[in-house]
Amino acid sequence: MSVTQHIFNHSDWTSCIQLFETQAARYHNRTFIHYQTSDRKLVFRTITYRQFNNMANYQANKWLPQLDGVQCIAFLGGDPLQSLLAMAAISKLGRTFFPLSTGNSVSATAH
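Owing to the predicted nature of the structure, the values given are computational and were not obtained by experimental measurement.

Asker: Summarise the pattern of salt bridges; cite the residues concerned and give the values.
Answerer: Going through the model one piece at a time under the given rule, you end up with one salt bridge. The residue Glu21 makes a salt bridge to Lys92 at a minimum N-O spacing of 2.4 Å. Here the residue Glu21 occupies a position in helix H1 (residues 16-26), and Lys92 occupies one in helix H3 (residues 80-92), the gap between them amounting to 71 residues.

Below you can see the structure in the form of structure tokens.
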């Protein structure tokens, strides 16, 4: 079995989301993320590149009509998978992603 290593030039893409979409097209059925469910039990789920890309596209299309003139979107979430999905959807919309954490104090969030 031979393994072909793909060496990418940093100038091949204009954004991280473009790089992700290229990877999603190439490796659509491969695992993108393996995560523990939010109920904290020992239950794990797997999401493929295709599934994640489809979820991000769905979310971006759902948010788009509400974003007329909005350039920066703050997202408050405690779940890492939801935050990653929001970041991808917001990036697909060409907007700036501003993550907020439920673990931050009020003064840290206000700053």
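Once you've had a look at it, read on.
Asker: Break down the packing of helix H2 (residues 49-63) against H3 for me, citing the residues and quoting the values.
Answerer: Their axes nearest at 8 Å, the elements H2 and H3 cross at an angle of 60°. Where H2 crosses over H3, the handedness of that crossing is right-handed. Of H3, the residues touching H2 (which contributes Phe52, Asn53, Met55, Ala56, Asn57, Gln59, Ala60 and Trp63) are Leu81, Leu84, Leu85, Ala86, Ala88, Ala89, Ile90 and Lys92.

Asker: Could you give me a rundown of the environment of Asn61, with the residues and numbers involved?
Answerer: The topology assignment puts Asn61 in helix H2. Exposure remark for Asn61: the relative accessible area of 55% places this residue in the exposed category. Note: C-alpha distance between Asn61 and Ala89 (28 residues apart in sequence) is 8.4 Å.

Asker: An account of H1 is needed here, citing residue identities and associated values.
Answerer: For H1, the full list of buried residues reads Ile17, Phe20, Gln23 and Ala24. For H1, the arc enclosing every buried residue in end-on projection is 120°, short of the 170-degree limit, so these residues lie on one face. Buried residues in H1 make contact with strand E1 (31-36), H2 and H3.

Conventions used here
As a convention, each chain's residues are numbered from 1 in the sequence order in which they are written. Two thresholds apply to this predicted model, a pLDDT of at least 70 for residue-level local features and 80 or more for giving and counting side-chain atom pairs, whereas whole-chain, interface and lining totals are computed over all residues. Hydrogens and water are ignored here; the side-chain numbers use all heavy atoms of the structure. The term salt bridge refers to a side-chain nitrogen of Lys or Arg lying within 4 Å of a carboxyl oxygen of Asp or Glu. Secondary structure elements are defined from DSSP: runs of H or I of at least 4 residues count as helices, runs of E of at least 2 residues count as strands, and each element is numbered from the N terminus. Note on method: axes are straight lines fitted to C-alpha atoms, helices fitted across the in-contact stretch only, with angles between N-to-C directions ranging 0 to 180 degrees. The hand of a helix crossing depends on one turn: near helix anticlockwise from the far one by less than a right angle means left-handed, and clockwise means right-handed. Whether two residues are in contact is decided by their heavy atoms, any of which lying within 4.5 Å being enough. Buried means the residue's accessible area, taken with a 1.4 Å probe over protein chains only, is under 20% of the maximum for its type, while exposed means over 50%, and partly exposed covers the values in between. Each direction from the helix axis to a C-beta atom contributes to the arc, which is the arc of those directions.

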